[in-house]
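If you want the building blocks of each chain, they are given just below.
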Amino acid sequence: MAVQQAAIGMRSRSQNQRRKRIVQTAAALALRGGVEAMQMRAVAERAGVALGTLYRYFPSKMDLVVAVVTEELDLVETSISRRPPTAETAAGRAVDVLMRATRGLMREPELADALVRSLIMAEAKTELGVRITDLLWRVATRGPEPPDGAEQSEDPQAPDRDDPAYIRVASLASVWIFELLELLKGDRDLDEVQRRLEVAAEPLLAHC
């Protein structure tokens, strides 16, 4: 039994490593040539996997786009963990998070554009909205960071997604997605996006 469990664990690690290699390969192609360069056959060849294997991990190109952009969200979450927002208000902390995510996504605007459009058209299953909302909820309800050396309070429990306060946070995440789309269209700049998010966040998160 122990040998079987060890074999399963090794296979799982190998699959995770293969998936990560595919995503990193796709990201590298996109960085050089945008979404058009992320052709499934090219990704498979450069990642050293069979085309059929690639499709088992990512049934469509949009699923692969979502995976690449999700890597950026992972970086945002790591940044939040290492350098949490320090604003006194829930609204200020939430806007800090959203602007970090915006700047990260705009490093590869074609991918961000493809992702936002997939969210609107439901072209691929993605947890981006839920992840962003949960992240906003955590920073909004945690309170500002204590001074250096002070004890940090524990993170809040998993949110109740039917809680009216959580729904208001989700509404702010929806505003952000719209503003990100406007930014990608060239109808906003970063300063305008931040200003609009601040205006929306203040009343929505006033009681968080």
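Cut-off values and rules
- Residues numbered from 1 in each chain as written.
- Predicted model: local features only at pLDDT ≥ 70, side-chain atom pairs only at ≥ 80, totals over all residues.
- Heavy atoms only, no water.
- Axes fitted to C-alpha atoms, helices over the stretch in contact; angles between N-to-C directions.
- Helix = DSSP H or I, 4+ residues; strand = E, 2+ residues; numbered from the N terminus.
- Parallel < 35°, antiparallel > 145°, perpendicular 65-115°, else oblique.
- Left-handed = near helix turned anticlockwise from the far one by under 90°.
- Contact = heavy atoms within 4.5 Å.
- Nonpolar A, V, L, I, M, F, W, Y, C, P; charged D, E, K, R; others polar.
- Salt bridge = Lys/Arg side-chain N within 4 Å of Asp/Glu carboxyl O.
- Buried < 20%, exposed > 50% of the residue type's maximum accessible area, 1.4 Å probe, protein only.
- UniProt positions renumbered as here; feature names shortened; annotations may be inferred.
- 1 Å grid on protein atoms, 1.4 Å probe; cavity = no way out; pocket = protein on both sides within 12 Å on 5 of 7 lines; lining within 4 Å.
- Points joined across faces, edges and corners; volume = space filled by probe spheres on them.

## Considerations on the packing of helix H5 (residues 90–105) against helix H9 (residues 190–204)
Step number 1: The interhelical angle for the contact between H5 and H9, taken along N-to-C directions, is 150°, at an axis separation of 9 Å. Considered as vectors, H5 and H9 are oriented roughly antiparallel to each other. The crossing of H5 and H9 is right-handed. Residues Ala 91, Val 95, Leu 98, Met 99, Thr 102 and Arg 103 of H5 lie in contact with H9, whose contacting residues are Leu 190, Val 193, Gln 194, Leu 197, Glu 198, Ala 201 and Glu 202.
Step number 2: Taken together, the residues of the contact of H5 with H9 break down into eight nonpolar, two polar and three charged.

## Description of the pattern of salt bridges
Step number 1: Overall, the coordinates contain eleven salt bridges when judged by the stated rule.
Step number 2: Between Asp 187 and Lys 185 there is a salt bridge whose closest N-O contact spans 3.8 Å.
Step number 3: The class for Asp 187 is partly exposed, based on a relative accessible area of 46%.
Step number 4: A salt bridge links Glu 192 to Arg 196; its shortest N-O distance comes to 2.8 Å. You can see Glu 192 and its partner Arg 196 sitting in helix H9, four residues apart, about one turn around the helix.
Step number 5: With relative accessibility at 33%, the residue Arg 196 sits in the partly exposed group.
Step number 6: Salt bridges here are not isolated pairs; linked through shared partners, they connect Glu 179, Glu 182, Lys 185, Asp 187 and Arg 188.

## A look at the UniProt feature "DNA-binding region" (unreviewed entry) in the protein
Step number 1: Feature annotation in UniProt places "DNA-binding region" (unreviewed entry) on residues 39–58, given in this structure's numbering.
Step number 2: Its end C-alpha atoms 12 Å apart, residues 39–58 is made of 75% helix and 0% strand.

## A few points about empty space enclosed by the protein
Step number 1: This structure, assessed with the given rule, holds one cavity of 30 Å³ or more.
Step number 2: Considering only enclosed or pocket space, the largest cavity measures out at about 30 Å³ in volume.
Step number 3: Lining the largest cavity are Glu 72, Leu 73, Val 76, Ala 101, Leu 105, Leu 128, Ile 132 and Trp 176.
Step number 4: Those elements that place two or more of their residues in the lining of the largest cavity are helix H4 (61–82), H5 and helix H7 (128–142).
Step number 5: Examining the composition of the lining of the largest cavity, we find that three residues originate from one element, H4, more than from any other.
Step number 6: For the lining of the largest cavity, the per-class residue count stands at seven nonpolar, no polar and one charged.

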